[in-house]
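Below are the chains, spelled out letter by letter.
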Amino acid sequence: MARYGMAIDTTKCVGCMDCVVACKTENNVPEGLNRDWIQTIVNGEFPNLTMEIRSERCNHCTNAPCVNCCPTGASHYDGGGIVLVHHDLCTGCKACIASCPYDARFINPEGYADKCTFCVHRVEEGKDPACISVCPTYCMTFGDLDDPNSEISKLVKSRNNHTVLPEAGTSPNIYYLIGGNNA
Ligand code: SF4
Ligand code: SF4
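Because the structure is a prediction, the values reported are computed rather than measured.

Undergrad: Quick question: what am I supposed to make of the site of ligand 1 here?
TA: Near ligand 1 the following residues occur: C58, N59, H60, C61, A64, P65, C66, V83, C100, Y102, R105 and K115. Here the residues of the shell around ligand 1 are counted per class, giving eight nonpolar, two polar and two charged.

Structure representation (structure tokens):
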């Protein structure tokens, strides 16, 4: 069984938001709502400042509180560990929204909890998620983290990286690559 994830190179991302637009178009995301977004973090103290630009979305956590707390089984792990929502089982109770440390979910106007699906409909056809396919700097890599020979596994192994809020204990599957190589 695969464990799908993303490696996103923060040294290449320019914050152009093409990924955000591609997601909205591909997934018909309602106006005013987003499944992915750009986060800009400034590190250090003046004049020694660095800026990290990150394309963020659901982390498809391996230990996902949104799945654990869902009272109806609507939130679930699909193939490859992709976290999805059965729209017809979702009552819109918002427990999952409250449980997600990444603020990755919202209620779709049609009444169900909504978020990034890793474009599972594309992945099943052997394609990359839409956000990755349009990135002009090729800063995102999608693949199987459990396959040691996959490009994503090699990147995570060879490059310095971090996840977001690892202290939340959710085991996120999106890795942000930062400058330098692992020793
Ligand atoms: Fe659930 Fe949030 Fe983790 Fe996505 S990022 S799997 S919505 S806890
Ligand atoms: Fe489950 Fe839907 Fe409630 Fe979220 S809003 S916890 S998916 S029933």
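Undergrad: I tried to follow the sheet that holds strand β10 (residues 174-181) on my own but got confused; where do I start?
TA: The pairing of strands in a sheet happens through backbone hydrogen bonds and is either parallel or antiparallel. Taking strand neighbours across the sheet as the criterion, the four strands line up as β8-β1-β10-β9 in an open arrangement whose pairing is mixed. Whereas interior strands pair on both sides, the edge strands pair on one side only; in this sheet they are β8 (140-144) and β9 (159-162). With strand direction ignored, the average angle separating the axes of adjacent strands in the sheet is 35°. Where strand β1 (residues 4-9) and β8 come together, five bridges link them in antiparallel fashion. Note on β8: the bridge partner recorded for G5 is G143.

Undergrad: Hey, could you run me through the packing of aromatic side chains in this one?
TA: For any pair of aromatic rings, the description rests on two quantities: the centre-to-centre distance and the angle between the ring planes. This structure, assessed with the given rule, holds two aromatic pairs. Between Y4 and F142, the aromatic rings sit 5.1 Å apart at their centres with planes inclined by 20°, giving stacked as the arrangement. Separated by 138 residues along the polypeptide, Y4 in strand β1 and F142 in strand β8 bring together distant segments of the chain. Relative accessible area serves as the criterion here: at 23%, Y4 is assigned to the partly exposed category. A relative accessible area of 12% means that F142 is categorised as buried.

Undergrad: Where do I start with the side chain of T10 in this structure?
TA: Secondary-structure assignment places T10 in the loop between β1 and α1 (18-27). Under the relative-accessibility criterion, T10 is labelled buried at 10%. A polar side-chain atom of T10 sits 2.7 Å from the main-chain carbonyl oxygen of L177. The residues touching T10, leaving out its near neighbours within four places in the chain, are E52, I53, R54, Y176, L177 and I178.

Undergrad: Which parts of the structure should I look at to understand a nonpolar patch on the surface?
TA: Taken together, V42, F46, L49 and M51 make up a surface patch of nonpolar side chains, about 480 Å² in accessible area. Relative to the helices and strands, M51 is located in strand β3 (residues 48-57).

Undergrad: Is there a simple way to think about the nonpolar core in this case?
TA: Grouped burial of nonpolar side chains is what soluble globular proteins tend to show. Ranked by size, the top nonpolar core spans 38 residues in total, and within it M6, I8, F118 and M140 carry the most contacts. Secondary structure elements with two or more residues in this core: β1, α1, α2 (65-69), β5 (83-85), α4 (120-123), α5 (130-134), β8 and β10. If you tally residues by element for this core, the top one is β5, at three residues. Apart from residues lying up to four places away in sequence, F118 is in contact with Y4, G5, M6, R57, C58, H60, I82, V123, P129, F142 and I174. Of all hydrophobic cores here, the second largest spans seven residues; its members include L145, I152, V156 and L177.

Thresholds applied
- Residues numbered from 1 in each chain as written.
- Chains lettered and ligands numbered in written order.
- Predicted model: local features only at pLDDT ≥ 70, side-chain atom pairs only at ≥ 80, totals over all residues.
- Heavy atoms only, no water.
- Near = heavy atom within 4 Å.
- Nonpolar A, V, L, I, M, F, W, Y, C, P; charged D, E, K, R; others polar.
- Pairing = 2+ DSSP bridges.
- Helix = DSSP H or I, 4+ residues; strand = E, 2+ residues; numbered from the N terminus.
- Axes fitted to C-alpha atoms, helices over the stretch in contact; angles between N-to-C directions.
- Phe/Tyr/Trp six-rings, centres within 6.5 Å; stacked < 30°, edge-to-face > 60°.
- Buried < 20%, exposed > 50% of the residue type's maximum accessible area, 1.4 Å probe, protein only.
- Polar contact = N/O pair within 3.5 Å; in protein donor to acceptor, adjacent residues only side chain to side chain.
- Contact = heavy atoms within 4.5 Å.
- Patch = residues over 30% accessible without salt bridge, like charges linked within 9 Å, V, L, I, M, F, W, Y side chains within 5 Å.
- Areas by Shrake-Rupley, 256 points an atom, 1.4 Å probe, with all protein chains shown as cover.
- Salt bridge = Lys/Arg side-chain N within 4 Å of Asp/Glu carboxyl O.
- Core = buried A, V, L, I, M, F, W, Y, C linked by side-chain atoms within 4.5 Å.

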